[in-house]
Amino acid sequence: EGLPDLVGIVFLRILRLSNNKLLELPPPVLQLSGLRELSIAGNMIQRLPPELSRLSKLELLHLDGHNFDSVPAELVAQGGGRVLEYMRRMGFADATAKLDLCDMGLRAIPASVMRIGSLQELFLSRNPITQLPPSITQLALLRTLALDGTRVFS
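J.: Before we go on, may I ask you to explain the sheet that holds strand E6 (residues 144–146) in this structure?
T.: Strand pairing in a sheet takes place through backbone hydrogen bonds and is either antiparallel or parallel in direction. Sheet architecture is open: 3 strands sit in the order E4-E5-E6, paired in parallel fashion. Each edge of the open sheet carries a strand with a single partner, namely strand E4 (98–100) and E6. On average, each strand axis in the sheet is inclined to that of its neighbour by 0°, with strand direction left out of account. Where E4 meets strand E5 (residues 121–123), 3 bridges bridge the pair, whose relative direction is parallel. Within E5, the residue paired with Asp-100 across the bridge is Phe-123.

Listed below in structure tokens is the structure:
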């Protein structure tokens, strides 16, 4: 029952967990530092853990559905590569207080952005965003907000 600790399998590069009725990504998967491909399509996972962005060698992420609450649906629709890019950018923001989401195809600012209380620079250029949510005021330390090429002022 469940996945054992897989950290000892240092050469594991591909892991396919599709169609297993998983509700969450099993924690042992997040220990696989050499993983290059992960397939989790056909499961009931609703939240991708932020730790997934730490799998720096992960190149392919196979997923499906638009039921993730941790990643905007428009990014899920663009495929696993875009989801990985988004998650890595979000992880980087926690450490640097800077978040670059330019050219991601976002129609709205993800709610998770508003939870980065230390955020000082937010770049949203060239996304089809049409409005700023009232919750943007939660980003009290924000010094730079780049909205060029958006539809906020159209």
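Back to the text.
J.: Even after reading the chapter, I still don't get the sheet that holds strand E1 (residues 14–16), so can you show me in this structure?
T.: Here we have 3 strands laid out as an open sheet, ordered E1-E2-E3, and parallel in their pairing. Two strands lie at the open edges of the sheet, namely E1 and strand E3 (60–62), each paired on one side alone. Each adjacent strand pair in this sheet contributes to an overall mean axis angle of 5°, direction not counted. Bridge count between E1 and strand E2 (residues 37–39): 3 bridges; the pairing is parallel. Each bridged residue has a counterpart across the sheet, and for Leu-15 the counterpart in E2 is Leu-38.

J.: What should I look at first to understand the environment of Arg-88 in this one?
T.: As for its position among the elements, Arg-88 is in helix H2 (residues 80–96). By relative accessible area, Arg-88 is classed as partly exposed at 27%. For Arg-88 and Ser-56, which are 32 residues apart along the polypeptide, the C-alpha to C-alpha distance reads 8.8 Å. When near neighbours in sequence (up to four residues on either side) are disregarded, Arg-88 contacts Ser-53, Leu-55, Ser-56 and Leu-58. Only 2.8 Å separates the side chain of Arg-88 from the backbone oxygen of Leu-55, close enough to count as a polar contact.

J.: Any chance you could explain the nonpolar core here in plain terms?
T.: Generally speaking, soluble globular proteins have nonpolar side chains that are buried together. Among the nonpolar cores identified, the biggest contains 43 residues, and Leu-38, Ile-40, Leu-48, Leu-52, Val-71 and Leu-99 are the most heavily contacted of them. Secondary-structure elements contributing two or more residues to this core are helix H1 (73–78) and H2. Per element, the largest residue contribution to this core is 6 residues, and it comes from H2. Ignoring anything within four residues of it in the chain, the contact list for Leu-99 reads Arg-89, Met-90, Ala-93, Val-113, Ile-116, Leu-119, Glu-121, Leu-122 and Phe-123.

J.: What is the right way to look at the pattern of salt bridges in this model?
T.: When charged atoms on two side chains of opposite charge get close, those side chains can pair. Per the stated rule, a full pass over the model turns up 8 salt bridges. Its salt-bridge partner being Arg-107, residue Glu-74 comes within 3.6 Å of it at the nearest N-O pair. Placement of Glu-74 in helix H1 and of Arg-107 in the loop between E4 and E5 is noted, with a sequence separation of 33 residues between them. With relative accessibility at 12%, the residue Glu-74 sits in the buried group. Assessed through its relative accessible area of 52%, Arg-107 is described here as exposed. Of the charged contacts in the structure, one is a salt bridge between Asp-100 and Arg-89, with a shortest N-O distance of 4.0 Å. Of this pair, Asp-100 sits in strand E4 while Arg-89 sits in helix H2, and the two are 11 residues apart along the sequence. Since its relative accessible area comes to 22%, Arg-89 is described here as partly exposed.

Calculation rules
- Residues numbered from 1 in each chain as written.
- Predicted model: local features only at pLDDT ≥ 70, side-chain atom pairs only at ≥ 80, totals over all residues.
- Heavy atoms only, no water.
- Pairing = 2+ DSSP bridges.
- Helix = DSSP H or I, 4+ residues; strand = E, 2+ residues; numbered from the N terminus.
- Axes fitted to C-alpha atoms, helices over the stretch in contact; angles between N-to-C directions.
- Buried < 20%, exposed > 50% of the residue type's maximum accessible area, 1.4 Å probe, protein only.
- Contact = heavy atoms within 4.5 Å.
- Polar contact = N/O pair within 3.5 Å; in protein donor to acceptor, adjacent residues only side chain to side chain.
- Core = buried A, V, L, I, M, F, W, Y, C linked by side-chain atoms within 4.5 Å.
- Salt bridge = Lys/Arg side-chain N within 4 Å of Asp/Glu carboxyl O.

Function-wise, these values are silent; they only describe arrangement.
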